[in-house]
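Coordinate inspection notes
In case you want the letters, here they are:
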Number of protein chains: 4
Amino acid sequence: MTLQRFGYLGPEATFTEAALLTFLDSRGLRETASIEPMRNAPSALDAVLEGDCDAAVVPIENSVEGGVPATIDALTEHGRLQIIAEVVVPVRFVLAVKPGTTKEEVTSFGSHPHGEAQVRAFMSEHYPDAVYLPTSSTAAAARDLANDAGDHIAAVCPALAAQRYGLDVIAEDIGDRQDAVTRFVVVTRPGPIPAPTGADKTTIVAALRSDRAGSLLEVLEQFSSRGINMSRIESRPTGDGLGLYQFSIDLLGHIHEARMAEALQGVHRATLKLSFLGSYPSSDGTVAPVDPTTTDESFAAAADWLRSSLGD
Amino acid sequence: MTLQRFGYLGPEATFTEAALLTFLDSRGLRETASIEPMRNAPSALDAVLEGDCDAAVVPIENSVEGGVPATIDALTEHGRLQIIAEVVVPVRFVLAVKPGTTKEEVTSFGSHPHGEAQVRAFMSEHYPDAVYLPTSSTAAAARDLANDAGDHIAAVCPALAAQRYGLDVIAEDIGDRQDAVTRFVVVTRPGPIPAPTGADKTTIVAALRSDRAGSLLEVLEQFSSRGINMSRIESRPTGDGLGLYQFSIDLLGHIHEARMAEALQGVHRATLKLSFLGSYPSSDGTVAPVDPTTTDESFAAAADWLRSSLGD
Amino acid sequence: MTLQRFGYLGPEATFTEAALLTFLDSRGLRETASIEPMRNAPSALDAVLEGDCDAAVVPIENSVEGGVPATIDALTEHGRLQIIAEVVVPVRFVLAVKPGTTKEEVTSFGSHPHGEAQVRAFMSEHYPDAVYLPTSSTAAAARDLANDAGDHIAAVCPALAAQRYGLDVIAEDIGDRQDAVTRFVVVTRPGPIPAPTGADKTTIVAALRSDRAGSLLEVLEQFSSRGINMSRIESRPTGDGLGLYQFSIDLLGHIHEARMAEALQGVHRATLKLSFLGSYPSSDGTVAPVDPTTTDESFAAAADWLRSSLGD
Amino acid sequence: MTLQRFGYLGPEATFTEAALLTFLDSRGLRETASIEPMRNAPSALDAVLEGDCDAAVVPIENSVEGGVPATIDALTEHGRLQIIAEVVVPVRFVLAVKPGTTKEEVTSFGSHPHGEAQVRAFMSEHYPDAVYLPTSSTAAAARDLANDAGDHIAAVCPALAAQRYGLDVIAEDIGDRQDAVTRFVVVTRPGPIPAPTGADKTTIVAALRSDRAGSLLEVLEQFSSRGINMSRIESRPTGDGLGLYQFSIDLLGHIHEARMAEALQGVHRATLKLSFLGSYPSSDGTVAPVDPTTTDESFAAAADWLRSSLGD
């Protein structure tokens, strides 16, 4: 599948656009690709499903705020979509103003609530009296400021947004956690699964049966009994009542590996619904250790043993 | 401890105030209590810690949106605070306008993003062209509308807010999920733990050791091996990096029961940090079945056996 | 495979011959079959392996003494042999003497040590001064008595042996446990596995890895996680050192069932050596309950799900 | 408790006497102790219970034959008895004859069936035509030969027995497995439990509930979840029917350690009957590794946490 037309969670100049540009660079697609911001994660995924885009880039997990519910829910609710890659980008905020504005004039600032949450310590210390005004995205805070479209005097936004909208940066890297990162996924229509690299992740969403006690435990045992580690687990309500959950889970390994294939089938049997969202190379290239009893060779030997025991 | 002064997550006229009023009625405190809205969950909990209030009411879990991160994080980050009760209230939204406004004039509406998320189907069907304008709370949408403080023509808010701010309700119960509920907790400074009623919940937050595979499994096994069920489990990032989690968990049972006390000690050993947030009566009064091998009697018999084996 | 020539653990007239006759009756083979006693379990199994017999009947488990080590070890050590049926017979001993001998003259009695162990209470009460003299089988006690080949005055033996060797029975059913039974298996060379009946057993021997803690637990979890119950588990030393074991295990279910096939492959991966000794109808016809998540249909649905996820 | 009078499983000159002498030497009791052979394991244990002996030495486990059922059953059936030490001795057989007998004259040999089983390869190779005649013990084979009390021409027995009965050894160390060992236990009436040494064993017998599936698994999980390893597990029928078992288990650790005390209480709750047979120093002095989450310190910290959470 040739990837040419990319959608991403807009507006432009957010960390999502930065992630997309990183991905394009890594594949040598920067020159040829067309990119377009989308209104929200569901729209971006819809555009892929309907063929308007070849791929979409959406945030899935933030080291400070946790999972991104809108993306997780949209991936789950859509029909078949496939994650083919992940991109992790550092989250660094700047405080930006219109050229000429002084620090003393910063009596209010705009940002997305997630952005505001991540600069709270900095703002409390340096701008204790500045009023926070929510905007629909961190980039929108910059854009609206440039366009005089909001009431805020300053914007907490990515450097990319400040630059694109011609703002002045009066403080850099103002996040309370300087190591904050966000993880994005590149999503396409179903197609060939990227070949195993030895350092892969598999993403699933499993809806538990409400009527079975210990069902989360049962799911986790499917993985642990086959030596598979999780790198992320997020609870999401199914919306059907308090205490009814589905879990969005990232696993270390690839669906083409026997232990993963068997574990996923076990989870399928134990849950109400299981959605496979993709197997793809891990962005950090870390190879997960595999126990000798759960290698593909060990599974193949067991299958041989079974055939021989059956007299086949 | 006499409870007289109550704080709650404001502003006034939200579902949180409704929950507080329900609690006061159930304890016969409506007449004597003073109540005060707080800016956010951390402020409400701070007021309790500092003695400005005797108790605070904050939302902890919503059947549509899932856990309320701000509350869970605030409860975890604060020193010792204690949940003494839970209150579950139905989440019913109305569409309200200033007296005289007609349906046709509703070209925009304000609400908190969570409120907007829950009426999306209704609004798309009946007001497909109305623009959504975010407000800081559902009640604020009503208040601002009444005060001409925003640009929205209608408010998606609780009935209580429409009534308090003198608005006209032009559509009732417009939530996409009519069975949506929110669960609130009543939080005090540490004191005597409410006595077991036979139908109790225990709330904890457990931070996993990053360096041990399968540690969530290990935590869940502490409960399952003693026949304890969970009614809620929420993952929350610790903020220290992608994939590092703490889990906010509600268990059926009371810390005064032997199986719970032993399980919690097991979790303490298996985790980096364990916070006990309280044991309190379950709002629905459901008695959890207890396996004969994990009753208090069974634990007492085992302790007797041990003493006798030790020759004590 | 036509079964005509049968070997059994001799000598003749033991409970093993009784089990063989029961089996022949159940298959309508009594008239056509030839039967021959063998010196011991290994010889009987050798005769099958070498084609001198079509099948052998050997005891595998006694309700009082436990597993029969010689049989379990012989089945394990031999190459491929297959259990095709089980027969359970009651163990009832008589006290027999040569015609004319009186009770008072019974100053000694012969029997196999297992026989002696099962009538200890009776003999202590009624013949407190009689000296026990071991014989190589319970039937040999009768035969030797008839042939004046031993020093014992009485024989503790099966009724069949007393009758065949022309002895007088002076006490019947003298076992301390009147409900004692022995379970025998019918063993053939490898061939088609008997078709599943819905009430089947599967027998395996698993040698644990010495270098892995918790490996018995790991084996049992392979079964429990797929809802498979055990009806027997026997530890047998591997002979390689204290604490090194293999386990002889009977499972409820058939290797043609998906949950059993997958569990056995899991055990194969987790152990040093796994021997499949057969799947065959359970003699009591009890149907084991199967959890909805581990039916063949559930496994087939999971396999379909996997294929569909792989885009096959 | 001063130990002076010792019983042991007779007859004299067996490996059991050798084990007893080893124990006496290790405690400096060889000079002062009186020792007496007993007819069988139950008699030896009875003598302790009734005060005729201070302690008894009985075999519990053989590296070739496995557990010694008579001892395990006798320990279980007796009231309270306590294992205070274990002794492991090598099992080395000699072939002995009356002075003057030549190799060519050895047409038969006597031994206990267990002894015969362990020299089968040697005898088949060197004395293929010699007939085996069972004796009630390996030492009895030597004694009877010396006393002309049997029909055998040679005895397969311990070196100690050949020496004591004045026989000539014509072949040494003839066991098929030269590393064979037997493990003996020293049993007393209940008294103070030997203090933990850091390298201890704990012996228990657990009777499973017949009506609970997976109950062996449940027992093993009590240990594995607290990082406790087993060094021996033996199944023994309860005698109440096919498939009903109790398990004789040796664990690495001491009942005075918190993880062991909690695990044993868990087993007590999960089983029909649990018998504690003793905690005593391991004969090989191997210190079992203890996971940081299951040290006594970790248990103490958890207990402190619980008290603090309870406001105590």
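**Observations concerning the overall build of chain A**
Assigned secondary structure in chain A consists of 10 helices and 15 strands. Projected onto the principal axes, the alpha-carbon positions of chain A cover approximately 85 × 45 × 35 Å. For chain A, buried positions account for 51% of its 312 residues. Restricting the contact set of chain A to residue pairs at least 6 apart, pairs at least 24 apart contribute 76%.

**So, the interface of chain B and chain A**
With 30 residues of chain B in contact, the opposing surface of chain A contributes 28 residues. Ranked by residue count, the leading element in the side of chain B that touches chain A is strand β13 (residues 230-237) of chain B, at seven residues. Considering only residue class, the side of chain B that touches chain A consists of 10 nonpolar, 11 polar and nine charged.

**What about helix α1 (residues 15-27) of chain C?**
Helix length check: α1 of chain C, at 13 residues, gives a terminal C-alpha distance of 19 Å against a target of 18 Å (1.5 Å per residue), a fit within 8%. For α1 of chain C, every residue scored as buried is listed here: Phe15, Thr16, Glu17, Ala18, Ala19, Leu20 and Phe23 of chain C.

**Concerning the relation of the copies chain C and chain D**
The relation between the two copies of this chain is a rotation about an axis and a shift parallel to it. Here chain C sits on chain D after a turn of 179° about the axis and a move of 0.1 Å along it, with an RMSD of 0.3 Å. Considering both components of the superposition, the chain copies are consistent with a two-fold axis. Considering only C-alpha atoms, the part of chain C nearest the rotation axis is serine 235 of chain C, at 2.8 Å.

**Quick word on the arrangement of the chains**
If you take every C-alpha in chain B and every C-alpha in chain C, the smallest gap between them is 14 Å, and the two do not touch. One thing to see here is that chain A and chain D don't touch, and their nearest C-alpha atoms sit 14 Å from each other.

**Digging into the relation of the copies chain B and chain A**
If you rotate chain B by 179° and push it 0.0 Å along the axis, it lands on chain A with an RMSD of 0.2 Å. Counting the interface residues of chain B, we find that 93% of their copies in chain A are interface residues as well, pointing to one common contact surface.

**As for the interface of chain C and chain D**
In this complex, chain C contributes 27 residues to the contact, which on the side of chain D involves 29 residues. Going through the elements one at a time, β11 (181-188), α8 (215-224) and β13 (230-237) of chain C are the ones with two or more residues in the side of chain C that touches chain D. Counted by class, the side of chain C that touches chain D contains 10 nonpolar, 10 polar and seven charged residues.

**With respect to the nonpolar core**
With 178 residues, the main nonpolar core has Ala56, Ala142 and Cys157 of chain A together with Ala56, Ala142 and Cys157 of chain B as its most contacted residues. Non-local contacts of alanine 56 of chain A, meaning those with residues more than four positions away in its chain, are made with Gly7, Tyr8, Ala44, Leu45, Ala47, Val48 and Val187 of chain A.

**Remarks on the confidence of the model for chain A**
Averaged over all residues, the pLDDT of chain A is 89; the fraction at 70 or higher stands at 96%. Reported confidences for the modelled complex are a pTM of 0.85 and an ipTM of 0.85.

**Brief notes about the sheet that holds strand β13 (residues 230-237) of chain A**
Residue and element names in this part refer to chain A. The four strands lie next to each other as β13-β14-β12-β15, forming an open sheet whose pairing is antiparallel. Among the strands making up the open sheet, the edge pair consists of β13 and β15 (273-281). When strand polarity is set aside, the average angle formed by the axes of neighbouring strands in this sheet is 15°. Strands β12 (200-207), β13, β14 (245-252) and β15 of the sheet are contacted by helix α3 (residues 69-77), whose axis makes an angle of about 85° with β13.

**A look at the domain arrangement of chain A**
All names here are of chain A. Entries for chain A in the domain assignment read domain 1 (1-90 + 180-192), domain 2 (93-171) and domain 3 (193-312). The centre of domain 1, based on its C-alpha atoms, is set 25 Å off from the matching centre of domain 2. Between domain 1 and domain 2, the contact holds 10 residues from the first and 13 residues from the second. Its residues assigned to classes, the side of domain 1 that touches domain 2 comprises six nonpolar, one polar and three charged.

**Remarks on the sheet that holds strand β7 (residues 108-111) of chain B**
Residue and element names in this part refer to chain B. As summarised here, the arrangement of the five strands in space is β8-β7-β9-β6-β10, forming an open sheet in which the pairing is mixed. Across the chains shown, the open sheet's two edge strands, defined by having one partner strand only, are β8 (131-134) and β10 (168-171). Sheet twist, expressed as the average angle between the axes of neighbouring strands with direction ignored, equals 40°. Two strands pair when backbone bridges link them, and strand β6 (residues 93-97) and strand β9 (residues 154-158) are joined in this way by five bridges, in the antiparallel orientation. Considered in β9, the bridge of valine 97 is made with alanine 154. The strands that helix α6 (residues 138-146) touches are β6, β7 and β9; relative to β9, the one it contacts most, it runs at about 135°.

**Quick look at the pairing of β12 of chain A**
Residues and elements named next belong to chain A. The buried count for β12 comes to seven of eight residues, which makes it a mostly enclosed element. The pairing of β12 with β15 spans eight bridges and is classified as antiparallel. Each bridged residue has a counterpart across the sheet, and for alanine 207 the counterpart in β15 is lysine 273.

**Quick look at unusual backbone geometry**
All names here are of chain C. Residue proline 11 is reached from glycine 10 by a cis peptide bond, and omega for that bond is 5°. Examined against the element boundaries, proline 11 turns out to sit in the loop between β1 (5-9) and α1. For alanine 13, which is not a glycine, the phi torsion comes out positive at approximately 75°. Note on placement: alanine 13 falls in the loop between β1 and α1.

**Observations regarding the packing of α8 of chain C against helix α8 (residues 215-224) of chain D**
Where α8 of chain C contacts α8 of chain D, the axes come no closer than 10 Å and their chain directions differ by 135°. By the criterion of interaxial angle, the relationship of α8 of chain C to α8 of chain D is oblique. Considering only the axes of α8 of chain C and α8 of chain D, their crossing is left-handed. Mapping the contact onto sequence places Leu216, Leu217, Leu220, Glu221 and Ser224 of chain C in α8 of chain C and Leu216, Leu217, Leu220, Glu221 and Ser224 of chain D in α8 of chain D.

**Quick word on the environment of asparagine 62 of chain B**
All names here are of chain B. Mapping asparagine 62 onto the fold places it in strand β3 (residues 55-62). Sequence separation between asparagine 62 and valine 91 is 29 residues, and the spatial gap between their C-alpha atoms is 8.9 Å. Apart from residues lying up to four places away in sequence, asparagine 62 is in contact with Val68 and Thr182.

What counts, and where the lines are drawn
- Residues numbered from 1 in each chain as written.
- Chains lettered and ligands numbered in written order.
- Predicted model: local features only at pLDDT ≥ 70, side-chain atom pairs only at ≥ 80, totals over all residues.
- Helix = DSSP H or I, 4+ residues; strand = E, 2+ residues; numbered from the N terminus.
- Buried ≥ 20, exposed ≤ 12 C-beta atoms within 10 Å, placed from the backbone.
- Contact = placed C-beta atoms within 7 Å.
- Nonpolar A, V, L, I, M, F, W, Y, C, P; charged D, E, K, R; others polar.
- Expected span 1.5 Å × (residues − 1).
- Least-squares fit on C-alpha atoms with pLDDT ≥ 70 in both.
- Core = buried A, V, L, I, M, F, W, Y, C linked by C-beta atoms within 7 Å.
- pLDDT = per-residue confidence, 0-100.
- Pairing = 2+ DSSP bridges.
- Axes fitted to C-alpha atoms, helices over the stretch in contact; angles between N-to-C directions.
- Domains from an automatic or database assignment.
- Parallel < 35°, antiparallel > 145°, perpendicular 65-115°, else oblique.
- Left-handed = near helix turned anticlockwise from the far one by under 90°.

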